[in-house]
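As a plain string of letters, each chain reads:
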Amino acid sequence: MSSNFYVLCVSHDPAILSTEHRAGGDAADTIKTGSTLHPGCDLVIEEVSGGPVEIGCPPATSRGSGPRCYHSDVRWVEVQWLRMLSRAYTSADPKVADAVRQGRFTCWPQERLHRLRGSLGIEDEARERP
Ligand SMILES: [Zn+2]
Ligand SMILES: [Zn+2]
């Protein structure tokens, strides 16, 4: 199955769709050249093939805002992994929540994942939280 790539704006809560692309490179270029729809916003790329597969964090220098990562290419992470990370952030077990905070996942602070809850399929759990 072929993939589609979506530029999502995570400066909004929840994240909103900006543009759709046939290739991940095109999505990355759109962010790099400056999105006219979301100037100054924090943007990520979602790869969808049947459902969300991976989320890409573009280099900090190509985004208007968002986490100050140090990678110079788009860094892709499996949606499944991000879902797990998001659950760990909000774990009822303080040891787990603590460990994940000390892990310093620069690309994926809790708030960014929370805004991506639609893509991560954690909508219901998010709603339960205050
Ligand atoms: Zn925006
Ligand atoms: Zn990053």
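Everything here concerns the structure above.
Here we summarise the structure given alongside this text. (Residues numbered from 1 in each chain as written. Chains lettered and ligands numbered in written order. Predicted model: local features only at pLDDT ≥ 70, side-chain atom pairs only at ≥ 80, totals over all residues. Heavy atoms only, no water.)

## Digging into the pairing of strand β1 (residues 4–9)
Counting buried positions along β1 gives six out of six residues, so the element sits mostly inside the fold. Neither face of β1 is open: one carries Asn4, Tyr6 and Leu8, the other Phe5, Val7 and Cys9, and all of them are buried. With six bridges connecting them, β1 and strand β3 (residues 43–49) associate as antiparallel partners. Residue pairing for β3: Phe5 is matched across the bridge by Glu47. Sheet topology note: the β1/strand β2 (residues 16–21) ladder contains five bridges and is antiparallel. Within β2, the position partnered with Tyr6 by the bridge is Glu20. Counted along the chain from β1 to the antiparallel partner β2, the turn is six residues long. (Buried < 20%, exposed > 50% of the residue type's maximum accessible area, 1.4 Å probe, protein only. Helix = DSSP H or I, 4+ residues; strand = E, 2+ residues; numbered from the N terminus. Pairing = 2+ DSSP bridges.)

## A closer look at the sheet that holds β1
Strand order in the open sheet formed by five strands is β2-β1-β3-β4-β5, with antiparallel pairing between adjacent strands. Two strands close off the open sheet at either side, each with one partner strand: β2 and β5 (75–78). Sheet twist, expressed as the average angle between the axes of neighbouring strands with direction ignored, equals 30°. Across the sheet, helix α1 (residues 24–32) lies against β1, β2 and β3, angled at about 165° from β3, the strand it touches most. (Axes fitted to C-alpha atoms, helices over the stretch in contact; angles between N-to-C directions. Contact = heavy atoms within 4.5 Å.)

## Some thoughts on the coordination of the zinc ion (ligand 2)
In the first shell of the zinc ion (ligand 2), the protein supplies Cys57 (SG), Cys69 (SG), His71 (NE2) and Cys107 (SG), at 2.0 to 2.3 Å from the metal. In this structure, the zinc ion (ligand 2) is surrounded by four donor atoms whose angles at the metal cover 102 to 117°, and the resulting shape is tetrahedral. Along the chain, the residues donating to the zinc ion (ligand 2) fall in the pattern C-x11-C-x1-H-x35-C. Linking Cys57 in strand β4 (residues 51–57) with Cys107 in the loop between α3 (94–102) and α4 (110–115), this pair joins segments that are 50 residues apart in sequence. (Donors = N, O, S within 2.8 Å, 3.2 Å for Na, K, Ca; no water. Tetrahedral: all angles 85-135°; square planar, octahedral: opposite > 155°, others 65-115°.)

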